[in-house]
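Analysis of the macromolecular model
Here is how the chains run, residue by residue.
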Amino acid sequence: MILNRAMECMDRESMRKLQSERLIETVKRCYEKVPFYRRKMDKMGIKPEDIRSIDDIHRLPFTTKHDLRDEYPFGLQAVPQSEVVRIHASSGTTGKPVVGTYTKNDLAMWAEGAARVMAASGVTKGDIVQVSYGYGLFTGGLGAHDAAGLLGAVQLPTSAGNSEKQIMLMKDFGSTVLCCTPSYALHLAEVIEKSETVKKEDLKLKVGFFGAEPWTEGMRKELQERLGIKAIDIYGLTEMCGPGVGGECEYQNGTHLWEDLFYPEIINPDTLEPCEPGEFGELVFTSLCKEAMPILRYRTRDLTRLIYDKCECGRTAVRMDRILGRSDDMMIIRGVNVFPSQIETCLTEFPAFTAQYFITVDRKNNEDTFDLDVELRSEYFSPNPSKQMPYIKPLYDRIVSMVGIKPNIHIKEPGAIQRSIGKAKHVNDKRKFQ
Ligand code: ADP
Ligand code: ZN
């Protein structure tokens, strides 16, 4: 179902017009209400009147994560505190978290963004939406929760963790929809497979909305087969609202971005110039409707490209390719750029392996080392190294051909690699501490 046909299927010309109107408003508000933006724009010699249409967006200043941290906690707020009804913060592992504040309208807009994604894959009244994203400051839990509520579905706020209980409730309550990180979904699939009391056939799950971290087509295949569901990619970030900035439609061929709410650009992260259409680069968003914390040209550090071809579903909202990774997740190993998602892609091509992996990068004798822990499935596992060799060799060759560096592959027992209930941690780069 298309939840908001007028917005999701608007012709390009009308969309540009709407985006222009909303951008002009947003810039005006930023300039008038947020000293940070006024300073930035004054420094660049730009006045709100200079922004006459969406084509002028390139003249505006960027906003970075660094800026958000400097303005912690409420420096970017454009409304009095009495208008704020919710505060979230990103999981940010270092330093101060990034804060997002919301007015009532902001929450409604966010819920609609995420609900458009769920509605596209048929979620409706009567569905039981098990929200296994963490509830709390992290936007995942409440974001999915409010979207389910907007659609009139049952909100089942299990939050993340306690996996045995998750699957028991999934069975007993008859959950039809699962929302969590893809890595946690994979873990739940494993717990179901091992369970004596819950069998995949007992479950009523139809669809899962997975996001908050990069994942691959290989992982999709794995999740769809193992959970017997359709696995849908949902994307978002605290700086814009949370999950629901965009998501895949039923055709699963790229993430539609809700361009009436967030204007996307792709820039070259080195030159900061716009990329050619279809070219990979850094995704940048400008919020077009946010009240509490409007943000101009936020540099997400997520690397992807935009696809403007028409989608079979009838939506005109631009599609984004899968996120290759964040620029700060990129490892430079022996001079070669490597993303964890590339390793996941290679790994999931081999059925003998589970999709779990952990990368350790270090520097020894002036040379980068790249160790990759992987697990063989129990049917294939043997502690005997000579029996592991036939599996290691093809994976090694595939990684060398795909990323161009030679990994030291270590086979672990099934279940040995740490599972995560939220965003997975796939890398330990020890060079950072040297
Ligand atoms: P943090 O920056 O602490 O992780 P957020 O929870 O706001 O805080 O995370 C937003 C980021 O999560 C995005 O910028 C992106 O890197 C990642 N992300 C979210 N959804 C997806 C997705 N579907 N695919 C890939 N990456 C995603
Ligand atoms: Zn579509």
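Remember, it's a predicted structure, so these values are computed and weren't measured experimentally.

So, how was this worked out
- Residues numbered from 1 in each chain as written.
- Chains lettered and ligands numbered in written order.
- Predicted model: local features only at pLDDT ≥ 70, side-chain atom pairs only at ≥ 80, totals over all residues.
- Heavy atoms only, no water.
- Helix = DSSP H or I, 4+ residues; strand = E, 2+ residues; numbered from the N terminus.
- Rg over C-alpha atoms; globule rule 2.2 N^0.38 Å.
- Buried < 20%, exposed > 50% of the residue type's maximum accessible area, 1.4 Å probe, protein only.
- Contact = heavy atoms within 4.5 Å.
- Polar contact = N/O pair within 3.5 Å; in protein donor to acceptor, adjacent residues only side chain to side chain.
- Disulfide = S-S within 2.5 Å.
- Core = buried A, V, L, I, M, F, W, Y, C linked by side-chain atoms within 4.5 Å.
- Domains from an automatic or database assignment.
- Buried area = accessible area lost by both parts, 1.4 Å probe.
- Salt bridge = Lys/Arg side-chain N within 4 Å of Asp/Glu carboxyl O.
- Nonpolar A, V, L, I, M, F, W, Y, C, P; charged D, E, K, R; others polar.
- Phe/Tyr/Trp six-rings, centres within 6.5 Å; stacked < 30°, edge-to-face > 60°.
- Donors = N, O, S within 2.8 Å, 3.2 Å for Na, K, Ca; no water.
- Tetrahedral: all angles 85-135°; square planar, octahedral: opposite > 155°, others 65-115°.
- Axes fitted to C-alpha atoms, helices over the stretch in contact; angles between N-to-C directions.
- Parallel < 35°, antiparallel > 145°, perpendicular 65-115°, else oblique.

1. What about the overall build of the protein chain?
- The secondary structure content of the protein chain amounts to 11 helices and 21 strands.
- Its C-alpha atoms give the protein chain a radius of gyration of 22 Å, near enough to 22 Å, the size a compact globule of 434 residues would have.
- Principal axes of the C-alpha set define a box for the protein chain whose edges measure 70 × 60 × 40 Å.
- Burial analysis of the protein chain (434 residues in total) assigns 57% to the buried set.
- Contacts in the protein chain between residues at least 24 apart in sequence constitute 65% of all its contacts with a sequence separation of at least 6.

2. Considerations on the side chain of R220
- Position of R220 among the secondary structure elements: in helix α9 (residues 217-227).
- Polar contacts involving the side chain of R220 include one to the side chain of E248, which spans 2.8 Å.
- Setting aside chain neighbours within four positions, we find R220 in contact with W215, A231, I232, E248, Q252 and R322.

3. Focus: the state of the cysteines
- A complete count under the given rule lists zero disulfides for this structure.
- Between C241, a free cysteine, and C289, which holds the nearest cysteine sulfur, the sulfur-to-sulfur gap is 11 Å.
- Classification of C241 as buried rests on a relative accessible area of 1%.

4. Side note on the nonpolar core
- Judged by nonpolar contacts, the single largest core of 65 residues is most densely connected at M118, V123, V129, F209, Y235 and F285.
- Of the residues forming this core, the biggest block, eight residues, is contributed by helix α5 (residues 104-120).
- Among residues more than four places away in sequence, those in contact with F209 are V117, M118, S121, V123, Y133, V177, L178, C179, C180, I232 and I234.
- If you look at the next biggest cluster of nonpolar residues, it comprises 24 residues, including A352, I359, F370 and L372.

5. Some points on the domain arrangement of the protein chain
- Per the domain assignment, the segments of the protein chain are domain 1 (1-327) and domain 2 (331-433).
- Distance between the C-alpha centres of domain 1 and domain 2: 29 Å.
- Across the boundary between the two partners, domain 1 contributes 23 residues, which contact 14 residues of domain 2.
- Buried area between domain 1 and domain 2, both sides added, is near 1600 Å², and the carbon and sulfur share of it is 54%.
- The interface formed by domain 1 and domain 2 contains two salt bridges.
- Per-element tally for the side of domain 1 that touches domain 2: the top contributor is helix α8 (residues 182-194), with five residues.
- Of the residues assigned to the side of domain 1 that touches domain 2, the class counts are nine nonpolar, nine polar and five charged.

6. Comments concerning the packing of aromatic side chains
- Considering all chains together, one arrives at seven aromatic pairs under this definition.
- Summarising the aromatic geometry, the rings of F262 and F285 are spaced 6.5 Å apart at their centres and angled 75 degrees between planes, so their arrangement reads as edge-to-face. Of this pair, F262 sits in strand β10 (residues 262-267) while F285 sits in strand β11 (residues 281-287), and the two are 23 residues apart along the sequence. Across the pair, F285 and F262 agree in class, each one buried.
- Members of the aromatic cluster, each reached through a chain of ring pairs, are Y235, F262 and F285.

7. What to know about the coordination of the zinc ion (ligand 2)
- Looking at the zinc ion (ligand 2), the protein donor atoms are C249 (SG), H256 (NE2), C311 (SG) and C313 (SG), and they sit 2.1 to 2.3 Å from it.
- Relative to the metal, the four donor atoms surrounding the zinc ion (ligand 2) lie at angles of 104 to 114 degrees, and the coordination shape comes out tetrahedral.
- All donors of the zinc ion (ligand 2) come from a single chain, and their spacing in sequence reads C-x6-H-x54-C-x1-C. Residue H256 is located in strand β9 (residues 255-257), and its partner C313 is located in the loop between β13 (306-307) and β14 (319-320); the two are separated by 57 residues in the primary sequence. Just as H256 is buried, C313 falls in that class too.

8. Brief notes about the packing of α5 against helix α6 (residues 139-150)
- Viewed as axis vectors pointing N to C, α5 and α6 meet at an angle of 75 degrees, and their least axial separation amounts to 8 Å. Taken together, the axes of α5 and α6 lie roughly perpendicular to each other. Residues A108, W110, A111, E112, A114, A115 and M118 of α5 pack against T139, G143, A144, D146, A147, A148 and L150 of α6.
- Per-class residue counts for the contact of α5 with α6 are 10 nonpolar, two polar and two charged.

9. Re the side chain of T101
- Along the chain, T101 falls in strand β2 (residues 99-102).
- Among the polar contacts listed, one links the side chain of T101 to the side chain of Q77, at a separation of 3.0 Å.
- Not counting the four nearest positions on each side in its chain, T101 is found in contact with F74, Q77, V84, R86, I87, D106, A292 and M293.

10. Here we look at the environment of G149
- On the secondary structure map, G149 appears in helix α6.
- Each C-alpha atom, one on G149 and one on G314, is 25 Å from the other, the two residues being 165 residues apart in sequence.

11. Section: the packing of helix α2 (residues 12-33) against helix α3 (residues 35-44)
- Two numbers describe how α2 lies on α3: the axes approach to 5 Å, and their chain directions differ by 100 degrees. What the angle tells us is that α2 and α3 run roughly perpendicular. Two secondary-structure elements touch here, α2 through V27, C30, Y31, E32 and K33 and α3 through P35, Y37, R38, M41 and D42.
- Looking at the contact of α2 with α3 residue by residue, the classes come out as six nonpolar, no polar and four charged.

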